[in-house]
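One letter stands for each residue in the lines below.
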There are 2 protein chains.
Amino acid sequence: MLKLYHAEPIANSLKSLIPLKEKGLEFESVYVDLHKFEQHSPWFVAINPEGQVPVLDHDGVIVTHTTVISEYLEDAFPDAPPLRPADPVGKARMRYWNKFVDEHVMNYVSMHGWHRMVSVIARSIESGEFDKLLERIPLHEQREKWRTARSGFNDSDLANATRKVEVAVDKVEQQLRLTRWLAGDMFTLADINFFSHCGMMVQRLFPDIGVETRAPRLLDWAQRMRERPGVKAALVMPDRTNPALRTFTGHAR
Amino acid sequence: MLKLYHAEPIANSLKSLIPLKEKGLEFESVYVDLHKFEQHSPWFVAINPEGQVPVLDHDGVIVTHTTVISEYLEDAFPDAPPLRPADPVGKARMRYWNKFVDEHVMNYVSMHGWHRMVSVIARSIESGEFDKLLERIPLHEQREKWRTARSGFNDSDLANATRKVEVAVDKVEQQLRLTRWLAGDMFTLADINFFSHCGMMVQRLFPDIGVETRAPRLLDWAQRMRERPGVKAALVMPDRTNPALRTFTGHAR
């Protein structure tokens, strides 16, 4: 029995929803309301001490961190449609890209998302209440991110994040000159990773970097992603984002 | 035919040398002299455009990034002694730790290593020469790290890095209360990762955090690592570090 604790179909949560849908695996969806800080509540921290979504529960075995969850689904369900190449070189190519997205893309796109959306939420909370919220956040880095969301990300960090996204966009565009998908001819977890953390919203979140002209293959690739039934099914999962904030999310729908 | 381009048996290079030795795989060792900045020279950048060691060449297929190389060796040589659990849950546990070391340990230990050793090298180079060296470094982050090594890492970054190492030491100690190795009963790539980037030199590099008293299981685990024939064989690979600098490296030998 599979259960996924997740939030809106974007970023980390989308990255785990797509493989489940693409592989046609039945799972119980447990919505964790980030707007109510449920991810830091005692019931959730009892499941994932790091207080972060998504979390996979497979017959009671808890798996956290999206890249680990994705490979786990490949290993645990070998008869479902694969999202990882069968050959060692293909696997290495996929993991190279997963590592690149995890270490050089995710946090930088996320900073701009937080700057425009989470900062609005963080500033709407009264000081005493905000301090109580911070106390409940298990991970130091996450606590600092919330603190900064309230006080404001600094300009040089935001500019550096934009630079990182430009490097990533150019790198992906360059790869798509050579291969149809990021790791080669096959649609893999690497495509799902980059799409969920960057590809799906890069145009809206970074209008100034000129994705349309500098990365036409990336746009074609993103369109091919959106047409996949599994991706479509993941993208229509419930979204309870406050509509007033949704314009800032760069949501692809 | 396997070929490994690598530097001294510590950190990244050690992390790839140990699996090759543990698996008993024959390989050609190509020493890349970091003291002469060979990793940024045209012949090496032609092999790895990112200008970093180690690099695996398997019959002409180039694989970079140590965690990717490690899993590649598991996939490409299924008949050699495994360093990755056979079951999906074990694999997920191993990957959780690999990700933790890659994202929350490696760069923080490295900053202190650079602070004490590479800074000495960087400051010994004349300005004009140093600028030329910087120009040849392909990765922006690596260029900035060299620049900072010369100007000096700032105290708050160094203090934060020490804090990250303390968190890691406590987390590993906690895990070793539960299991013999990081990912469970089996010695895996996760142990090799943490040992190479932190475990082998944490006492010498961070004498003030009191590893002896706070992490006795970690010390026992590091000793068990050093007794493995494959680890021993990797640790005796050539080390051309300037002896005057070697005291700063926290070298385990």
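As the structure is a computational prediction, the values presented were derived from the model and not from experiment.

Thoughts on the sheet that holds strand β2 (residues 28-31) of chain A
Residues and elements named next belong to chain A. Taken in spatial order, the four strands line up as β2-β1-β3-β4 in an open sheet, and their pairing is mixed. If you trace the sheet from one side to the other, it starts and ends with β2 and β4 (61-64), each paired once. Strand after strand, the sheet turns through a mean of 20° between neighbouring axes, direction not considered. Sheet topology places strand β1 (residues 2-6) next to strand β3 (residues 55-58); four bridges connect them, and they run antiparallel.

Describing unusual backbone geometry
Residues V53 of chain A and P54 of chain A are joined by a peptide bond in cis, for which omega reads -5°. Located in the positive-phi region is A11 of chain A, a residue other than glycine, with phi close to 50°. Structurally, A11 of chain A can be placed in helix α1 (residues 11-22). The backbone of F37 of chain B shows a phi angle near 60°, a positive value even though the residue is not glycine. Relative to the helices and strands, F37 of chain B resides in the loop between β2 (28-31) and α2 (42-45).

Considerations on the domain arrangement of chain A
Residue and element names in this part refer to chain A. When the domains of chain A are assigned, the result is domain 1 (2-76) and domain 2 (88-228). Computed over C-alpha atoms, the centres of domain 1 and domain 2 are 19 Å apart. Approximately 1900 Å² of surface area, both sides summed, lies buried where domain 1 meets domain 2, with 66% of it carried by carbon and sulfur atoms. When the buried area of domain 1 at its contact with domain 2 is split by residue, K15, F37 and H40 rank highest and sum to 30% of it. Among the ionic pairs, D102 bridges to K15, the shortest N-O distance being 3.3 Å. Counting the contacts that link domain 1 with domain 2 gives 10 residue pairs in polar contact (both at pLDDT 80 or more). Secondary structure elements with two or more residues in the side of domain 1 that touches domain 2: α1, α2 (42-45) and α3 (66-76). Broken down by element, the side of domain 1 that touches domain 2 gets its largest block of residues, seven residues, from α1.

What to know about the pattern of salt bridges
For the structure on display, the rule yields 38 salt bridges over all chains. Between R95 of chain B and D75 of chain A there is a salt bridge; the shortest N-O distance is 2.9 Å. One end of the pair, R95 of chain B, is in helix α4 (residues 88-104); the other, D75 of chain A, is in helix α3, on a second chain. Several salt bridges share partner residues, and in doing so they unite E71, D75, R84 and R95 of chain A together with E71, D75, R84 and R95 of chain B into one network.

Scoring rules and cut-offs
Residues numbered from 1 in each chain as written. Chains lettered and ligands numbered in written order. Predicted model: local features only at pLDDT ≥ 70, side-chain atom pairs only at ≥ 80, totals over all residues. Heavy atoms only, no water. Pairing = 2+ DSSP bridges. Helix = DSSP H or I, 4+ residues; strand = E, 2+ residues; numbered from the N terminus. Axes fitted to C-alpha atoms, helices over the stretch in contact; angles between N-to-C directions. Domains from an automatic or database assignment. Buried area = accessible area lost by both parts, 1.4 Å probe. Salt bridge = Lys/Arg side-chain N within 4 Å of Asp/Glu carboxyl O. Polar contact = N/O pair within 3.5 Å; in protein donor to acceptor, adjacent residues only side chain to side chain.

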